[in-house]
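Residue-level structural notes
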Amino acid sequence: MPRFAEYVYSTLITLWVGALWAIGYLAAPTLFRLLDDRALAGRLAGEMFTYVAWLGVVSACYLLVFLALRKNGAAFKSGVFWVVFLMLLLTLAGHFGIQPILAQLKADSLPREVMESALRSRFMAWHGVSSVVYLVESLLGLLLVAWQGRELR
């Protein structure tokens, strides 16, 4: 069974970090480049970011439990543990903190699109915060990939 747990550990890191990079830096920019309707591109990208966030929450929960059990209480001394924990916090902040603000700004701008409304500058500012949070999480993900084998030795 320990081998299976290690397999799940490595697979979840691969899926989570791969999804962060594939959606955030390939799929979403492609949508905005190819679709004429930017609101539709935003809705599609937002939906994909939601899937990535939930994948991150599930992955982080498994990884943190795996590391806690593997290290017998010494997980708090593990760099990998803290990278996963920080990535989880960033995921939660983005999905449950920043995204609801963006959604409310969009709703408040109706019947106009948010980018055509007086709320445009606030939306852009919060979108910038969201982008920075996502970038930091993505970079931590690269660190997690590089370090993941350290916890299996």
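Everything discussed here concerns the structure shown above.
The structure displayed is predicted, hence computed values, not measured ones.

1. Details of the overall build of the protein
If you tally the helices and strands in the protein, you get four helices and zero strands. Expressed along its principal axes, the backbone C-alpha trace of the protein runs to roughly 55 × 25 × 20 Å. In the protein, the share of contacts with a sequence separation of at least 24, taken over all contacts with a separation of at least 6, comes to 73%. Carbon and sulfur atoms provide 69% of the accessible area of the protein, an area that totals close to 9100 Å². One way to put it: in the protein the 13 positive side-chain charges average out to a point 11 Å from where the 9 negative ones average out.

2. Considering the nonpolar core
Grouped together as the largest cluster of nonpolar side chains are 35 residues, with contacts concentrated most on Tyr9, Trp16, Leu63, Val84, Met87 and Leu144. Every residue in contact with Val84, bar those within four places of it in the chain, is listed here: Trp16, Ala60, Leu63, Leu64 and Leu144.

3. Section: helix H3 (residues 79-109)
The first and last C-alpha atoms of H3 sit 43 Å apart over 31 residues, in line with the 45 Å expected at 1.5 Å per residue. Bending of H3 peaks at approximately 35 degrees at the position of Gln99, with proline Pro100 no more than four residues after it.

4. Some points on the packing of aromatic side chains
If you walk through the whole model with that rule in mind, you get ten aromatic pairs. Ring geometry for Phe76 versus Trp82: centroids 6.0 Å apart, planes at 40 degrees, classification tilted. The exposure class of Phe76 is exposed, given its relative accessible area of 57%. With relative accessibility at 40%, the residue Trp82 sits in the partly exposed group. The rings of Trp21, Tyr25, Phe49 and Tyr134 are connected pair by pair, giving a single aromatic cluster.

5. Quick word on the side chain of Thr91
Tracing the backbone shows Thr91 in helix H3. Those residues within four positions of Thr91 in sequence are excluded, and the remaining contacts are Trp16, Ala53, Val57 and Glu137.

6. Topic: helix H4 (residues 120-147)
Between the first and last C-alpha of H4 there are 40 Å, a value that for 28 residues agrees with the 40 Å anticipated at 1.5 Å per step. Along its buried surface, H4 packs onto helix H1 (2-34), helix H2 (38-71) and H3.

7. A closer look at unusual backbone geometry
In this structure, Pro111 follows Leu110 across a cis peptide bond, with omega equal to 15 degrees. Within the element layout of this structure, Pro111 appears in the loop between H3 and H4.

8. A few points about the environment of Ala5
One can find Ala5 in helix H1. Residues Ala5 and Gly149 lie 144 residues apart in sequence; the distance between their C-alpha atoms is 13 Å. Look past the residues within four positions of Ala5 in its chain and what remains in contact with it is Tyr62 and Phe66.

9. Digging into the pattern of salt bridges
Opposite charge on two side chains lets them pair, provided their charged atoms get close. All chains considered together, the criterion is met by two salt bridges. Measuring nitrogen to oxygen at the nearest pair gives 3.1 Å for the salt bridge that ties Glu6 to Arg3. Here Glu6 and its partner Arg3 are both found in helix H1, three residues apart, which amounts to about one turn of the helix. A salt bridge links Arg70 to Glu6; its shortest N-O distance comes to 2.6 Å.

Cut-offs applied
Along each chain, residues carry numbers from 1 onward, in the same order as the chain's sequence is written. Where totals are concerned, whole chains, interfaces and linings use all residues; where local detail is concerned, this predicted model gives features only for residues with pLDDT of at least 70, and gives and counts side-chain atom pairs only at 80 or more. Water and hydrogen atoms play no part in the side-chain values, which are based on all heavy atoms of the structure. Numbered from the N terminus, helices here are DSSP runs of H or I no shorter than four residues, and strands are runs of E no shorter than two. Note on contacts: a residue pair qualifies if any of its non-hydrogen atoms lie within 4.5 Å across the two residues. Residue-level accessible areas treat just the shown protein chains as cover; the underlying method is Shrake-Rupley with a 1.4 Å probe. His is not counted, nor are the chain ends; Lys and Arg add positive charge and Asp and Glu add negative charge. To locate a charge, take NZ of a lysine, CZ of an arginine, CG of an aspartate or CD of a glutamate. We define the nonpolar core as a collection of buried residues of types Ala, Val, Leu, Ile, Met, Phe, Trp, Tyr and Cys that are connected through side-chain atoms lying within 4.5 Å of one another. Accessible area is worked out with a 1.4 Å probe on protein chains only. A residue is then buried under 20% of its type maximum, exposed over 50%, and partly exposed in between. What a helix is expected to span follows from its residue count: subtract one and scale by 1.5 Å. Two axes enter the bend calculation: one fitted to the seven residues ending at the residue in question, the other to the seven starting there, and the bend is the angle between them. Paired rings are identified among Phe, Tyr and Trp, the last through its six-membered ring, by centres lying within 6.5 Å, and are further divided according to the angle between planes into stacked (under 30 degrees), edge-to-face (over 60) and tilted (the rest). Counted as salt bridges are all cases of a side-chain nitrogen of Lys or Arg within 4 Å of a carboxyl oxygen of Asp or Glu.

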